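Close look at the chain arrangement
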Amino acid sequence: MSKRNGTSLMIYVDVSSTPTPIAGSTENSMSVNGETIDVTTKDSLGWKEILPGLRSWGFKGSGKFDDAASFGFSDLFAMFLAGVAVQVRFSFEDSGDPYWYGEAVLTSLELTAPMEKEVTFSYSLEGSEAPAEGTI
């Protein structure tokens, strides 16, 4: 895989077993994080000692509101109200390309409407258990 334009990397939500992009997206990201456990003692000779701890992952995105979108803010809002984990993936959707996926819960959703500007939305999905990598 060569260098890519970020426009083609999207967050998809599994809707009736079909990966469906979040409509109106303008920006999205994936993050993986690791916590540490501090095991420093007086015997550490002034150096901090750590062990690996809990790991987490998630997706964040933002977009422009469109009430006629095929899967947009209103669908995310319904997903939030349902309070269930959904299958999500971060993908170019091109044959042979990698994608990252897993079960996630929508943990935040925001709709912003500044005066004389476009209405936008943003969201965060927090992963449950380990994410996985696949190939289209």
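Just above sits the structure.
In short, a report on the structure. (Residues numbered from 1 in each chain as written. Predicted model: local features only at pLDDT ≥ 70, side-chain atom pairs only at ≥ 80, totals over all residues. Heavy atoms only, no water.)

Here we take up the nonpolar core. Ranked by internal contacts, the top residues of the largest apolar core, which has 19 residues, are Ile22, Leu76, Val88, Tyr123 and Leu125. Once residues lying within four places of it in the same chain are set aside, the contact partners of Tyr123 are Ile11, Ile22, Ser25, Phe59, Lys60, Gly61, Ser62, Leu76, Leu106, Ser108 and Leu109. (Core = buried A, V, L, I, M, F, W, Y, C linked by side-chain atoms within 4.5 Å. Buried < 20%, exposed > 50% of the residue type's maximum accessible area, 1.4 Å probe, protein only. Contact = heavy atoms within 4.5 Å.)

So, on to the environment of Asn33. Secondary-structure assignment places Asn33 in strand S3 (residues 25–38). Judged by its relative accessible area of 43%, Asn33 is partly exposed. When the C-alpha atoms of Asn33 and Ser128 are compared, they prove to be 13 Å apart, with 95 residues separating the residues in sequence. Excluding residues that lie within four positions of it along the chain, Asn33 makes contacts with Leu54, Arg55 and Ser56. (Helix = DSSP H or I, 4+ residues; strand = E, 2+ residues; numbered from the N terminus.)

This part is about unusual backbone geometry. A negative phi angle characterises most non-glycine residues, just as the trans form characterises most peptide bonds. Even without being glycine, Ser17 reaches a positive phi, approximately 65°. A positive phi is found at Leu45, a non-glycine position, where the angle reads about 55°. Among the secondary structure elements, Leu45 is positioned in the loop between S3 and strand S4 (50–64). Residue classification places Leu45 among the exposed residues on the basis of a relative accessible area of 75%.

Our next topic: the sheet that holds strand S7 (residues 120–135). What links the strands of a sheet is backbone hydrogen bonding, and the strands pair in either a parallel or an antiparallel sense. Pairing within the open sheet is antiparallel, and its seven strands lie in the order S2-S1-S5-S6-S7-S4-S3. With partners counted over all chains shown, the strands left at the sheet margins are strand S2 (18–21) and S3, one partner each. The mean angle between the axes of side-by-side strands here comes to 35°, regardless of whether they run parallel or antiparallel. Alignment of strand S1 (residues 10–15) against strand S5 (residues 86–91), held across four bridges, turns out to be antiparallel. (Pairing = 2+ DSSP bridges. Axes fitted to C-alpha atoms, helices over the stretch in contact; angles between N-to-C directions.)

A contiguous nonpolar patch, built from Ile37, Val39 and Leu51 and spanning about 230 Å² of accessible area, is present on the exposed surface. Along the chain, Ile37 falls in strand S3. (Patch = residues over 30% accessible without salt bridge, like charges linked within 9 Å, V, L, I, M, F, W, Y side chains within 5 Å. Areas by Shrake-Rupley, 256 points an atom, 1.4 Å probe, with all protein chains shown as cover. Salt bridge = Lys/Arg side-chain N within 4 Å of Asp/Glu carboxyl O.)

Turning our eyes to something else, we now look at the pattern of salt bridges. Summed over all chains, the structure comprises two salt bridges. Note that Asp97 and Arg4 form a salt bridge whose closest N and O atoms lie 2.7 Å from each other. Residue Asp97 is found in the loop between S5 and strand S6 (98–112), and its partner Arg4 is found in the segment before S1; the two are separated by 93 residues along the sequence. Owing to a relative accessible area of 9%, Asp97 belongs among the buried residues under this scheme. Since its relative accessible area comes to 32%, Arg4 is described here as partly exposed. Glu118 serves as the salt-bridge partner of Lys64, at 4.0 Å between the closest nitrogen and oxygen. Placement of Lys64 in strand S4 and of Glu118 in the loop between S6 and S7 is noted, with a sequence separation of 54 residues between them. A relative accessible area of 44% places Glu118 in the partly exposed class.

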